[in-house]
Amino acid sequence: MTKLIKTQIINTEQVLFEGDVDRISSFNEVGAFDVYPMHANFISIINKQLRLYNKHDIVKELTFETAIMKVKQDIVSIFLGVEVLSLDDDGGKKKK
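Report on the accompanying structure.

Rules used throughout
- Residues numbered from 1 in each chain as written.
- Predicted model: local features only at pLDDT ≥ 70, side-chain atom pairs only at ≥ 80, totals over all residues.
- Heavy atoms only, no water.
- Helix = DSSP H or I, 4+ residues; strand = E, 2+ residues; numbered from the N terminus.
- Buried < 20%, exposed > 50% of the residue type's maximum accessible area, 1.4 Å probe, protein only.
- Contact = heavy atoms within 4.5 Å.
- Areas by Shrake-Rupley, 256 points an atom, 1.4 Å probe, with all protein chains shown as cover.
- Phe/Tyr/Trp six-rings, centres within 6.5 Å; stacked < 30°, edge-to-face > 60°.
- Lys NZ or Arg CZ within 6 Å of the ring centre and 35° of its normal.

### Description of the overall build of the chain
In step 1: When helices and strands are tallied, the chain shows 0 helices and 7 strands.
In step 2: When its helices and strands are written in sequence order, the chain yields β-β-β-β-β-β-β.
In step 3: In the chain, which comprises 96 residues, the proportion classed as buried is 30%.
In step 4: For the chain, the share of sequence-separated contacts (at least 6 apart) that also reach a separation of at least 24 residues comes to 45%.
In step 5: Total accessible area on the chain stands at roughly 6,900 Å², and carbon and sulfur atoms take up 51% of it.

### A few points about the packing of aromatic side chains
In step 1: All chains considered together, the criterion is met by 1 aromatic pair.
In step 2: Measuring from centroid to centroid gives 6.0 Å for F33 and F42, while their planes differ by 80°, and the two rings are edge-to-face.
In step 3: Lying over the aromatic face of F27, K48 brings its terminal NZ or CZ to 5.0 Å of the ring centre.

What follows is the structure, given as structure tokens:
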């Protein structure tokens, strides 16, 4: 049985994808990279493009400006739309 990566892609409003894949390809500040089952745990800001594969077929492909990818023990969470989330001009503190 092939090991898979449980993957969830969400934006600020909804879940865009939820399922199992065997490879994830994207880009970060270093360049193109792939995540396979049993990949090291990490968090990265990703950009440009994201492709999810299963058995060599693309099951989901997205283009975007910026996202955050969290990889932990074969569970990957990808958060899109983070560029629209910002603090108030006062740093999130309420004025008195």
